[in-house]
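# Notes for the structure review
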Amino acid sequence: MLNILLCGIGGKMGGNIADLLKDDGDARIVCGVDIHAPEGCKVPVYTHFSQVKEKVDVIIDFSSPAALAGELEYAAKNNVPAVLASTGYAAEQLESINEASKSVAVFKTANFSLGVNLLVALAKKAAAVLGENFDIEIIERHHNQKVDAPSGTALMLADGMNEVLAEKRPYVEGRSGIVGKRGNEIGIHAVRGGTIVGEHEVMFAGEDEIVTLSHSARSKKVFAAGAIKAAKWIAGKSAGLYDMTDVLGDIL
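Here's what I pulled together on the structure shown here.

The rules behind these values
Residues numbered from 1 in each chain as written. Predicted model: local features only at pLDDT ≥ 70, side-chain atom pairs only at ≥ 80, totals over all residues. Heavy atoms only, no water. Pairing = 2+ DSSP bridges. Helix = DSSP H or I, 4+ residues; strand = E, 2+ residues; numbered from the N terminus. 1 Å grid on protein atoms, 1.4 Å probe; cavity = no way out; pocket = protein on both sides within 12 Å on 5 of 7 lines; lining within 4 Å. Points joined across faces, edges and corners; volume = space filled by probe spheres on them. Nonpolar A, V, L, I, M, F, W, Y, C, P; charged D, E, K, R; others polar. Contact = heavy atoms within 4.5 Å. Disulfide = S-S within 2.5 Å. Buried < 20%, exposed > 50% of the residue type's maximum accessible area, 1.4 Å probe, protein only. Axes fitted to C-alpha atoms, helices over the stretch in contact; angles between N-to-C directions. Left-handed = near helix turned anticlockwise from the far one by under 90°.

With that settled, consider the pairing of strand S11 (residues 209-217). Inspection of the sheet shows strand S10 (residues 198-206) paired to S11 by nine bridges, in the antiparallel sense. Residue pairing in the sheet places glutamate 199 in a bridge with serine 216 of S11. Hairpin connection from S10 to S11: two residues lie between these consecutive antiparallel strands, with aspartate 208 at a positive phi of about 70°.

A word on the layout of surface pockets. Here the largest pocket is characterised by a volume of approximately 1000 Å³. Lining of the largest pocket is provided by 31 residues; of these, Ala85, Ser86, Thr87, Ala110 and Lys146 occupy positions nearest its centre. Only helix H1 (12-21), helix H5 (152-164) and S10 provide two or more residues apiece to the lining of the largest pocket. Among the residues making up the lining of the largest pocket, the classes are represented as twelve nonpolar, 14 polar and five charged.

Position of arginine 141 relative to the elements: it lies in strand S7 (residues 135-142). Put simply, arginine 141 and serine 101 are 40 residues apart on the chain and 33 Å apart in space, counted from C-alpha to C-alpha. Discounting chain neighbours no more than four positions away, the residues touching arginine 141 are Val191, Arg192, Ile196, Gly198, Glu199 and Glu201.

On to the state of the cysteines. In the structure shown here, the tally under the stated rule is zero disulfides. Summary of cysteine pairing: cysteine 7 is not part of a disulfide, and the nearest cysteine sulfur, belonging to cysteine 31, is at 10 Å. Cysteine 31 provides the cysteine sulfur closest to cysteine 41, a residue in no disulfide bond, and the two sulfurs are 9.7 Å apart. For cysteine 41, a relative accessible area of 28% gives the class partly exposed.

Next up on the list: the packing of helix H4 (residues 114-130) against H5. In the contact formed by H4 and H5, the axes pass within 8 Å of each other and the chain directions differ by 35°. By crossing handedness, the relation of H4 to H5 is classed as right-handed. Contact residues: H4 offers Val116, Asn117, Leu119, Val120, Ala123, Lys124, Ala127 and Ala128, while H5 offers Thr153, Met156, Leu157, Gly160, Met161, Glu163 and Val164. Residues of the contact of H4 with H5, tallied by class, amount to ten nonpolar, three polar and two charged.

Right, here's the structure in full:
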């Protein structure tokens, strides 16, 4: 049985993780770290990693960058792999993640959906075949409360395709007014409205044909499911920085 420490256990994503693990025969939450314990919580919840007493096999973190320092210190000291699902890390925090990965296994990705990461892999394959003769456009759609644009996933898609293109293309975010003819670029467009969880579409437009790849998340539970899969995958792994491409590499 895999013993999980859930950082951010009191948040919405923490609740999704807990719900998915209720009937899981291979993994369980043994404790949490959060400033607030969820109502009816049946495991110990600590305010700092230094207080943790339970035997832990892996950390899943859906909290905030504020918890990172204590988390990495605990992970390295106890040789416990960490699955980082928080966003908004500062440059120095990203450097501390890279440094920590030299002594312990760390899993970090912009999107924990297996479907999205498969979309990235497929988009890279398509760009390698079509890219030089096709225009590439990315359209991402999210709920009206999302504060940043374009999404991290849209940029992950663009970066992935640029890795395989013979000549790297600049990104043009939205177009307005008389902008002239389209250049050799990757267009990225953001749509915000309603309660859209997350939709991403990559369009390859060529001479007399269009190829479209897309993914639609209908619930945030897909991200929780991906984090659990990552936690099970990384348990027991040697030190290093891992992401969903490593998980997909074992599947594809």
